Each structure stands twice: as C-alpha cells, then as structure tokens.
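Residue strings, one per chain:
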Amino acid sequence: ARADVWLVLSGTSVRAGYYEQCVRAATAAVDDDDVLRRQIDVDCPRTFPHVRAFADGTAQPALARLLRAYAHHDAALKYTQGMNYVAGLLLIYMSEEEAFGVFTTLMREADGDGGGDDGSA
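Basis of the calculations
Residues numbered from 1 in each chain as written. Predicted model: local features only at pLDDT ≥ 70, side-chain atom pairs only at ≥ 80, totals over all residues. Heavy atoms only, no water. Helix = DSSP H or I, 4+ residues; strand = E, 2+ residues; numbered from the N terminus. Buried < 20%, exposed > 50% of the residue type's maximum accessible area, 1.4 Å probe, protein only. Arc of directions from axis to C-beta. Salt bridge = Lys/Arg side-chain N within 4 Å of Asp/Glu carboxyl O. Axes fitted to C-alpha atoms, helices over the stretch in contact; angles between N-to-C directions. Left-handed = near helix turned anticlockwise from the far one by under 90°. Contact = heavy atoms within 4.5 Å. Nonpolar A, V, L, I, M, F, W, Y, C, P; charged D, E, K, R; others polar.

### Looking at unusual backbone geometry
Located in the positive-phi region is F48, a residue other than glycine, with phi close to 45°. By secondary structure assignment, the location of F48 is in the loop between α3 (34-43) and α4 (52-55). According to the relative accessible area criterion, F48 is buried, its value standing at 17%. At K78, a position not held by glycine, the phi torsion is positive, near 60°. Given a relative accessible area of 34%, K78 falls into the partly exposed group.

As structure tokens, this is what we get:
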C-alpha cells in the first residue's frame, strides 16, 4: 500500500500513542492560541476542494486535528500556511497517526533540526 511506501521511504517509525497524546494536548491548549485555531480553521476548507473526502468535509476534521497536534509537537514553528496541503495529501493515503508520523519526519528533514520530538521510535 502507498502508506507503507511513504513510511519506509521517509524512514518514519510511528510511536504508538504519541499522536493521540499530541491531539489531547493540542485540544486542551488550542483555547490559549485563538489565532492558530482560526488560521487552521480557515485553511482546512481550502485544502484540495476537488478531492471528495475534502469536498464533502469528512477529511477536514482529521486534517485540523493533525495540524493542531503538529503545532503542539513543534512549539517553535507551530503552523504556517501551506502545511495543510502536505498533511492533506498524506491523509489521502494513510491513517491520521501514520500521516502525522510522516509529516513530522518531513518537517524535521526540511527544517534540518526537526523542532520537537519527532514522534518516531
């Protein structure tokens, strides 16, 4: 499956439970960062409007959770416009937890130091 290929080629090893931990922490903290919440809420509906899962709104909650979890994971970078497209593409092919793992790996590689804990084993 494509998810397996992404995981192998990116070198991602998903650490069980880390994504859910970040989602819970981000959910609790999102009230403290209203600007971040609003930006993610604005960008999610703009993501791949031609793809059925995004057009009908079923993938948007998963995308918002993933982006908020990443913002918690990498407190220095948090969220910037454009991340929604990379994360959204990953969500088309894999589970939220796998997409989060690959996304954190890609962001770490792009950044050169990775920001927060990468969520991999």
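### So, helix α6 (residues 83-93)
Taken as a whole, α6 has its buried residues at M83, N84, A87, G88, L90 and L91. In an axial view of α6, the angular spread of the buried residues amounts to 160°, which keeps them on one side of the axis.

### Thoughts on the pattern of salt bridges
Under the criterion given, the structure shown has 6 salt bridges. The salt bridge partner of R37 is D41, with a shortest N-O separation of 3.4 Å. Within this pair, R37 and its partner D41 are both found in helix α3, separated by 4 residues, close to a single helical turn. The class for D41 is partly exposed, based on a relative accessible area of 36%. Across the salt bridge formed by D41 and R68, the nearest N and O atoms sit 2.4 Å from each other. Pair noted here: D41 is in helix α3 and R68 is in helix α5 (residues 60-73), with a separation of 27 residues, a long-range link. Connected via shared salt-bridge partners are D34, R37, R38, D41 and R68.

### Some words on the packing of α3 against α5
Two numbers describe how α3 lies on α5: the axes approach to 10 Å, and their chain directions differ by 145°. Between α3 and α5 the crossing geometry is right-handed. Each of L36, R37, I40 and D41 in α3 lies in contact with α5, whose residues at this interface are A64, L67, R68 and A71. Among the residues making up the contact of α3 with α5, the classes are represented as 5 nonpolar, no polar and 3 charged.

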